[in-house]
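# A structural walkthrough
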Amino acid sequence: MRKIILSFAACLALAAYGQKPVQDTRAMDTFIDQLMGKMTLDEKIGQLNLSGGGVPGILSGSEGADETIRRGWLGATGGSELETFRKLQEIAVKESRLGIPLLFGLDVIHGYHTIFPIPLALSCSWDTTLIEQSARIAAIEASSNGVTWTYSPMVDIARDARWGRIAEGSGEDPWWGGKIAAAMVRGYQGDDLTKENTILSCLKHFALYGASEAGRDYNTVDMSRIKMFNEYFPPYKAAVEAGCATVMSSFNLVEAIPATGNRWLLTDLLRDQWGFNGFVVSDYNSIGEMTNHGLGDTQTVSALALHAGLDMDMMTNGYITTLKKSLEEGRVSQADIDQACRRVLEAKYKLGLFEDPYRYLDADRAKKNTFTDEHMNTARHIAGKSIVLLKNDKGLLPLRKTGTIAVVGPLADKKVELFGTWCGIDTAKSASVVQAVKEMVGNKARVIFAKGCNLTNEPMLAKASGLKVDPVENTRLVKEAVEQVKDADRIIAVMGEPNNWSGEACSRADISLPESQKELLRALLETGKPVVLVLANGRPLTLEWEDSQFSAIVEAWHGGSAAARGLVDVLFGDVNPSGKLTTTFPRSVGQIPLYYNAKKTGRPMNPDDHFTSKYLDITNDPLYPFGYGLSYTTFSYGDLQLDKTSVQGENGVLTASVQVTNTGKLEGEEVVQLYIGDPAASISRPMKELKNFQKISLKPGESRKVSFTITPEDLKFYNSALEYIWEPGLFNIYVGTNSRDVKSAQVTWNK
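Residues numbered from 1 in each chain as written. Predicted model: local features only at pLDDT ≥ 70, side-chain atom pairs only at ≥ 80, totals over all residues. Heavy atoms only, no water.

Let's shift gears to the overall build of the protein chain. In terms of regular secondary structure, the protein chain is built from 22 helices and 27 strands. Its C-alpha atoms give the protein chain a radius of gyration of 27 Å, within 12% of the compact-globule value 27 Å for 751 residues. For the protein chain, the C-alpha atoms occupy an extent of roughly 75 × 65 × 45 Å along the three principal directions. The 751 residues of the protein chain split such that 61% are buried. Partitioning the contacts of the protein chain with sequence separation of at least 6, the portion at a separation of at least 24 is 78%. (Helix = DSSP H or I, 4+ residues; strand = E, 2+ residues; numbered from the N terminus. Rg over C-alpha atoms; globule rule 2.2 N^0.38 Å. Buried < 20%, exposed > 50% of the residue type's maximum accessible area, 1.4 Å probe, protein only. Contact = heavy atoms within 4.5 Å.)

Right under this line is the structure:
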């Protein structure tokens, strides 16, 4: 253990008890009891303060931040510089009265220095092993650079592509979202938080944030509890069951009370029902923003949040400036403050920070573990696995490494724009798509580049992303591109969104490609040359025109540090695409929210009956359904076989099987998906729900019998009394290549 210098009181505590493994809760309780017995009220409240500076009105500036730590008024802070972390930790350990170490938090959302595809793209890999591996590498890099706590995973169910933060989550399905949430927690935290390469995970945003009205960030949310429990809560619960150490409250209302001050949500549900035993932190200033929701002044909402079960205040400074007064006035109790303080101290104990406050502050380890070639190779592999082939009607893909290849588009020569939201950016080991194509073909083919157009000429969108509006220039760029590609045999058109069009506070009312980009695409089509449309974006887009015009469309998402190289692996066939969509692509923004697991209507669409649930101008169907994704080979499914048509009781087991055959000429992977429908129940149920899948690899001509075991656990739901049950009756079993194209059979399940 590295030699450290602690205050006298902290030395006494460690000498008396030492730090035992986290499993020894009695030792932890005894240690914290003694430590808290020495803490003043101000020091206890200080542990509940997460800030980046001083305390307004008392201490300010950088010197104020240092003095805040010396007085024991800060429990955690943010940042990303190891040297800064060490300086602050030394002040906390050596210069504060009790030497209590700080937590250092950071939004490590899809990688620390090595950046992986955005979480929405990761989910399209349908591979929890790869997803967990991405989180494990992120934890190794972050922990080597002083970070002890990540504000991730973000597990909000999102059904509205206008919402920018759809990029940060895993799509629309609660079952799959839960599997990914658990995998991310395991990746960050490992199996022992005292290991120096693990960090605290933070489940966010609790709860329902992805259902903000109109897809507008920070907007209100309102839904029934049945909808909460059946459709939105499962990923949060899965993360809690996986052992996530912390939870972050969301900005929105939950039953007209802000989540940050909602006792039913943070205590009755999260702690009492689900058994969560870590600490809860507010989102950035979400305590203060309860005033805007109409709940009272800073003192009032701070007391409300503490009583609700919110342990740490991020950036409002409400706790540190008002809780002492609220205690004197009887608005909060000493027990409330002590309980919150204990939870924060327990997290620090579990990380081993009382044993060695500098365990995460090793410059040599940082150099060794950060941005390694091995990590970049993994990022490239995962980027390729996350790509979804949307269309390949004429077999244009994979491309040949011969002739003249034109790479065109406003994102074709960019690196940073392919990384995605919420990440630190180092392009030293990255490539643009043009560069990656040149690397791939070497001297076997000629590669030419043309920018072709501006990202957008829409004034508000351009202003929001720091771009200029110049339609005249756009027309000139289009003409130049047409001239430059005249000798090309094939064209790769790289279109979509820059990285700052999705993520927090990046909602878009129109999720189509901007007209400036469509102007270029129309001109490329007029050349008559084969065009592969590549999309780099952070959300589903409306692509009905593009789908009708282009024979090859690739959804590459924002793929991180290795985005371009992962993409060319797919374009040239080194990787056969196997990604499948985890969010529905609508035909029109007017269809939103649109998701596969919708409930039935009393008047289902009938084109021959006017008085049914439909649009006058478009079909109800999505452009690309949940679970959709193509391969360079083809797969056929035999009839769905059930081992019985009637099953009995709680212990009954059903086996559903289907023969899957690779009918193409290449080896490929297929995600075989199992859905279940409950057509008659005590409440209206979704038409179908994802319950399992298997990702298999088949050689050309190879067949495999894929079997799923189904039990009553797969039939359960929350009824109108919020009881988690299953009901006997008829069930529809579906197996297929996506949520739309399935084979089906029925079974009766009796009590």
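Text resumes after the structure shown.
Entries for the protein chain in the domain assignment read domain 1 (39-365), domain 2 (387-577) and domain 3 (633-747). When each unit is reduced to the centre of its C-alpha atoms, the spacing between domain 2 and domain 3 is 36 Å. (Domains from an automatic or database assignment.)

On to the packing of helix 9 (residues 225-232) against helix 11 (residues 263-273), then. Packing of helix 9 against helix 11 brings their axes to within 15 Å, and their N-to-C directions diverge by 50°. Viewed along their axes, helix 9 and helix 11 adopt a mutual orientation that is oblique. Handedness of the helix 9/helix 11 crossing: right-handed. Together, Arg-225, Met-228 and Phe-229 of helix 9 and Trp-264, Leu-269 and Gln-273 of helix 11 make up the contact between the two elements. (Axes fitted to C-alpha atoms, helices over the stretch in contact; angles between N-to-C directions. Parallel < 35°, antiparallel > 145°, perpendicular 65-115°, else oblique. Left-handed = near helix turned anticlockwise from the far one by under 90°.)

We now examine unusual backbone geometry. In this structure, His-205 follows Lys-204 across a cis peptide bond, with omega equal to -10°. For His-205, the position within the fold is in strand 5 (residues 202-206). The step from Ile-592 to Pro-593 runs through a cis peptide bond, and the omega angle for that step is 0°. If you check the backbone angles, Leu-208 has positive phi at about 75° while not being a glycine. In this structure, Leu-208 sits in the loop between strand 5 and helix 9. The phi dihedral of Trp-557 falls on the positive side, at around 60°, and the residue is not glycine. Residue classification places Trp-557 among the buried positions, given a relative accessible area of 1%.

Next up on the list: the sheet that holds strand 5. Read across the open sheet, the three strands follow the order 5-6-9; overall the sheet is parallel. For this open sheet the edge positions go to strand 5 and strand 9 (279-281), each flanked by a neighbour on one side alone. The mean angle between the axes of side-by-side strands here comes to 25°, regardless of whether they run parallel or antiparallel. The sheet contact formed by strand 6 (residues 246-249) and strand 9 spans three bridges and is parallel. The partner of Thr-246 across the bridge, within strand 9, is Phe-279. (Pairing = 2+ DSSP bridges.)

This paragraph deals with the packing of aromatic side chains. Within the structure shown, the criterion is met by 31 aromatic pairs. Ring centres of Tyr-596 and Tyr-675 lie 5.5 Å apart, and the angle between their planes is 75°; on these two criteria the pair is classed as edge-to-face. Placement of the pair is Tyr-596 in the loop between helix 22 (563-571) and strand 17 (635-637) and Tyr-675 in strand 21 (residues 668-677), with a sequence separation of 79 residues. Joined through ring pairs, the aromatic side chains of Phe-206, Phe-229, Phe-233, Tyr-236, Trp-264, Trp-274, Tyr-718 and Tyr-724 make up one cluster. In this arrangement the basic side chain of Lys-751 is found over the ring face of Trp-726, its NZ or CZ atom lying 4.1 Å from the centre. (Phe/Tyr/Trp six-rings, centres within 6.5 Å; stacked < 30°, edge-to-face > 60°. Lys NZ or Arg CZ within 6 Å of the ring centre and 35° of its normal.)

This paragraph deals with helix 12 (residues 298-308). Buried residues of helix 12: Gln-299, Val-301, Ser-302, Ala-303, Ala-305, Leu-306 and Ala-308, and no others. Tucked inside the fold, the buried residues of helix 12 contact helix 11, helix 13 (318-328) and helix 14 (334-350).

Here strand 15 (residues 531-536) lies mainly inside the structure; six of its six residues are buried. Here strand 15 shows a buried face lined by Val-531, Leu-533 and Leu-535 and a second buried face lined by Val-532, Val-534 and Ala-536. Across six bridges, the pairing between strand 14 (residues 490-496) and strand 15 is parallel. Each residue of the ladder has a partner; that of Ala-493, found in strand 15, is Leu-533. Each parallel crossover has a hand, and the one from strand 14 via helix 20 (residues 515-526) to strand 15 is right-handed. In terms of strand pairing, strand 15 meets strand 16 (residues 552-555) through four bridges, oriented parallel. Directly across from Val-534, in strand 16, lies its bridge partner Val-554. (Right-handed = clockwise from strand over helix to strand, strands pointing away.)

This part takes up the nonpolar core. Grouped together as the largest cluster of nonpolar side chains are 124 residues, with contacts concentrated most on Trp-149, Phe-206, Leu-208, Phe-233, Leu-265, Val-281 and Leu-345. In terms of domain composition, this core takes at least three residues from each of domain 1 (39-365) and domain 3 (633-747). Counting residues in each nonpolar core, the second largest holds 43 residues, with Cys-124, Leu-390, Val-531 and Leu-535 among its members. (Core = buried A, V, L, I, M, F, W, Y, C linked by side-chain atoms within 4.5 Å.)

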